[in-house]
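Residue-level structural notes
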Amino acid sequence: MKNFSRLSLLAAVVATLSTFSVSAIAATATGTANATVLTPITITAGTALNFGTLAGNASGGTVVVTAAGGRTTTGSAVVTSGTFSAGSFSLTGTGSSTFGVTYPASFNVTSAAAGATPMAVTITGAATGTLSAGAVTLPVGGILTVGANQIAGSYTGTYVMTVEYN
C-alpha cells in the first residue's frame, strides 16, 4: 500500500507540475487595429486656360502660358495684347493631406472654321501638392502648338485632370 500511495502521490505531483509548466510559459496580449478614412478628394474646374489672341504665319510655333500666369512664344507665332490666363482647379479634401496630379499627355483644340486643323495642347503644372485646411487652388499652364498657316477661327477643347491622395 505504501508503494501505491507513493505512486499516487507521484502521479498527482507530475500532473500538477505539468499544469503549472504549461501555464507558466503561455502568455496572451490584446492588439489594437486602427484606420483613418479620408474625406473623398474633389476637384472643380475654375479659370479656363486661355492662350489669348494670336496670329499664325508660314512657319508656326508655340504659345506658352505658365501656371504662374506668364506668356511667351517660340518659333514665329505672334501674340497680340489680348487677354490670356493660366487655368485653375479648386481641390477639397482632408486637412493637410498630400495629393498627386495626372495631366493628359496632350489634347487638341479645334475650330469650326473651314479648313482648320486642330492645334495640340500640353498641360503643365505641379505633379503633387498639399491641401491647406482641406482646400487648395491648383494653377495650370500649357503649351499650344500653332501650325504653319493656321486657319483663323476660335479654337476650343477640353481635358481631364485627375487628383488622388498620396
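Residues numbered from 1 in each chain as written. Predicted model: local features only at pLDDT ≥ 70, side-chain atom pairs only at ≥ 80, totals over all residues. Heavy atoms only, no water.

**Points about the sheet that holds strand 12 (residues 162-165)**
Taken in spatial order, the three strands of this open sheet run 10-7-12, and their pairing is antiparallel. Two strands lie at the open edges of the sheet, namely strand 10 (128-130) and strand 12, each paired on one side alone. Recorded for the sheet is a direction-independent mean angle of 30° between the axes of neighbouring strands. The pairing of strand 7 (residues 98-102) with strand 12 spans four bridges and is classified as antiparallel. In the sheet register, Gly100 faces strand 12, and the bridge partner there is Glu164. (Pairing = 2+ DSSP bridges. Helix = DSSP H or I, 4+ residues; strand = E, 2+ residues; numbered from the N terminus. Axes fitted to C-alpha atoms, helices over the stretch in contact; angles between N-to-C directions.)

**Looking at the pairing of strand 7**
As judged from the three bridges shared by strand 7 and strand 10, these two strands associate in the antiparallel manner. Looking at the pairing, Phe99 lines up with Gly129 of strand 10.

**Let's talk about the pairing of strand 9 (residues 119-125)**
Note: strand 8 (residues 107-109) against strand 9, three bridges, orientation antiparallel. Note that in strand 9 the partner of Asn108 across the bridge is Ala120. In the sheet, strand 9 pairs with strand 11 (residues 135-146) via five bridges, with the strands oriented antiparallel. Counted as the bridge partner of Thr122 is Ile143 from strand 11.

**What to know about the packing of aromatic side chains**
Under the counting rule described, the total for this entry stands at two aromatic pairs. Each ring, one from Phe107 and one from Tyr159, has its centre 5.0 Å from the other, and the planes form 25°; the classification is stacked. A residue pair is termed long-range when its members are at least 10 positions apart, and Phe107 in strand 8 and Tyr159 in the loop between strand 11 and strand 12 qualify at 52 residues. Of the residues examined, Tyr159 reaches a relative accessible area of 22% and is grouped as partly exposed. (Phe/Tyr/Trp six-rings, centres within 6.5 Å; stacked < 30°, edge-to-face > 60°. Buried < 20%, exposed > 50% of the residue type's maximum accessible area, 1.4 Å probe, protein only.)

**Things to note about the nonpolar core**
Within the largest apolar cluster, 25 residues are counted, with the highest numbers of intra-cluster contacts made by Leu91, Phe99 and Leu144. A per-element tally of this core places strand 11 first, with four residues. In contact with Leu91, not counting residues within four places along its chain, are Ile41, Thr42, Ile43, Phe99, Leu131, Gly134, Ala135, Val136, Leu138 and Val163. (Core = buried A, V, L, I, M, F, W, Y, C linked by side-chain atoms within 4.5 Å. Contact = heavy atoms within 4.5 Å.)

**Some points on the side chain of Arg71**
Following the sequence through the fold, Arg71 ends up in strand 4 (residues 71-75). Only 3.0 Å separates the side chain of Arg71 from the backbone oxygen of Phe51, close enough to count as a polar contact. Setting aside residues up to four positions removed in sequence, Arg71 forms contacts with Phe51, Gly52, Thr53, Val63, Val64, Val65, Val79, Thr80, Gly82 and Phe84. (Polar contact = N/O pair within 3.5 Å; in protein donor to acceptor, adjacent residues only side chain to side chain.)

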